[in-house]
Amino acid sequence: MYCPACSSKEIKTFPNNKKVADFYCPECSEQFQLKCQSKSLGGRITDGAYDSLITAMNLKELPNFFFLHYAPTSYSVQNLTLVPSFFFSDSIIEKRKPLSENARRRGWVGCNILYKNIADDGKIKIIENGKIVKPEKVRESWKKTSFLKNVQVESRGWLNDVMNCVNEIGKKDFELEEVYTFKEYLSELHPQNKNVKAKIRQQLQILRDNNFLKFIDNKGKYHVG
Ligand SMILES: [Zn+2]
């Protein structure tokens, strides 16, 4: 596997005795964790301890995640998706119920990654339905949103959720009013925020400042592409 974050032709396996992630890039030092499953990607993906994931996320120490879906009969890779660490926010992590009294590790709290809540831009396809996507395209997708690295973790959730709404609109040219139609959905995700419309405008501005989208005019017309 090449590195999706730089021009390195390979990523390397961590030695087993100091395992913080599964792979790392010898050139740019990005780290990668691989999770495999035989059912198709979507919905929820079970992950480890909730507290350690949240702590690593807040310290910006999370690795990037490769999610691999394979066909159990042929053991061939069907889909390989990369979710960059900078797409992780409270919006996509769900706390599981503590293990019951009878469990060996009672009280232990795990978490789920809410794959469906991750904006399409944060689910970079490397292999899609058995076909390999061109590395240039993968690296371009990484670059497009890597500005999120410098964004505070608390703000990433909002940006992810607004990107998701823009994807959902499904047009290259859209208007502010169309994004406002997701007001209820966004209020449910962020119940503590009382001024969702202002928050939407703020996210669109950040996305514009980082060349994710363009303002066509001052009357609420946008272009994404
Ligand atoms: Zn690299």
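Residues numbered from 1 in each chain as written. Predicted model: local features only at pLDDT ≥ 70, side-chain atom pairs only at ≥ 80, totals over all residues. Heavy atoms only, no water.

(A) Examining unusual backbone geometry more closely. For Lys60, which is not a glycine, the phi torsion comes out positive at approximately 55 degrees. Looking at the secondary structure, you find Lys60 in the loop between helix H1 (50-58) and strand E5 (64-71). According to the relative accessible area criterion, Lys60 is partly exposed, its value standing at 44%. Even without being a glycine, Tyr75 presents a positive backbone phi close to 55 degrees. Within the fold, Tyr75 resides in the loop between E5 and strand E6 (76-83). (Helix = DSSP H or I, 4+ residues; strand = E, 2+ residues; numbered from the N terminus. Buried < 20%, exposed > 50% of the residue type's maximum accessible area, 1.4 Å probe, protein only.)

(B) Local environment of helix H3 (residues 153-169). Taking 1.5 Å per residue, 17 residues should reach 24 Å; H3 reaches 25 Å between its end C-alpha atoms and fits that length. For H3, a buried count of 13 out of 17 residues is recorded, marking the element as mostly surrounded by other parts of the structure. (Expected span 1.5 Å × (residues − 1).)

(C) Just the packing of aromatic side chains, in detail. Taken as a whole and judged by the stated rule, the model has ten aromatic pairs. Taking 5.1 Å as the distance between ring centres and 40 degrees as the angle between the ring planes, the aromatic pair formed by Phe65 and Phe88 counts as tilted. Linking Phe65 in strand E5 with Phe88 in the loop between E6 and strand E7 (93-95), this pair joins segments that are 23 residues apart in sequence. When sorted by exposure, Phe65 lands in the same class as Phe88, which is buried. (Phe/Tyr/Trp six-rings, centres within 6.5 Å; stacked < 30°, edge-to-face > 60°.)

(D) The coordination of the zinc ion, seen in detail. All of the protein donors around the zinc ion are Cys3 (SG), Cys6 (SG), Cys25 (SG) and Cys28 (SG); their distances to the metal are 2.3 Å. Coordination at the zinc ion is tetrahedral, judged from the four donor atoms that bind it and the angles of 106 to 115 degrees they form at the metal. Written as a sequence motif, the donor residues of the zinc ion are C-x2-C-x18-C-x2-C. The exposure classification of Cys3 matches that of Cys6, with both residues buried. (Donors = N, O, S within 2.8 Å, 3.2 Å for Na, K, Ca; no water. Tetrahedral: all angles 85-135°; square planar, octahedral: opposite > 155°, others 65-115°.)

(E) Representation of the sheet that holds strand E13 (residues 221-224) within the structure. Read across the sheet, three strands follow the order E11-E13-E12 without closing on themselves; strand pairing throughout is antiparallel. Whereas interior strands pair on both sides, the edge strands pair on one side only; in this sheet they are strand E11 (173-175) and strand E12 (213-215). Averaged over all neighbouring strand pairs, the angle between strand axes comes to 30 degrees, with direction disregarded. (Pairing = 2+ DSSP bridges. Axes fitted to C-alpha atoms, helices over the stretch in contact; angles between N-to-C directions.)

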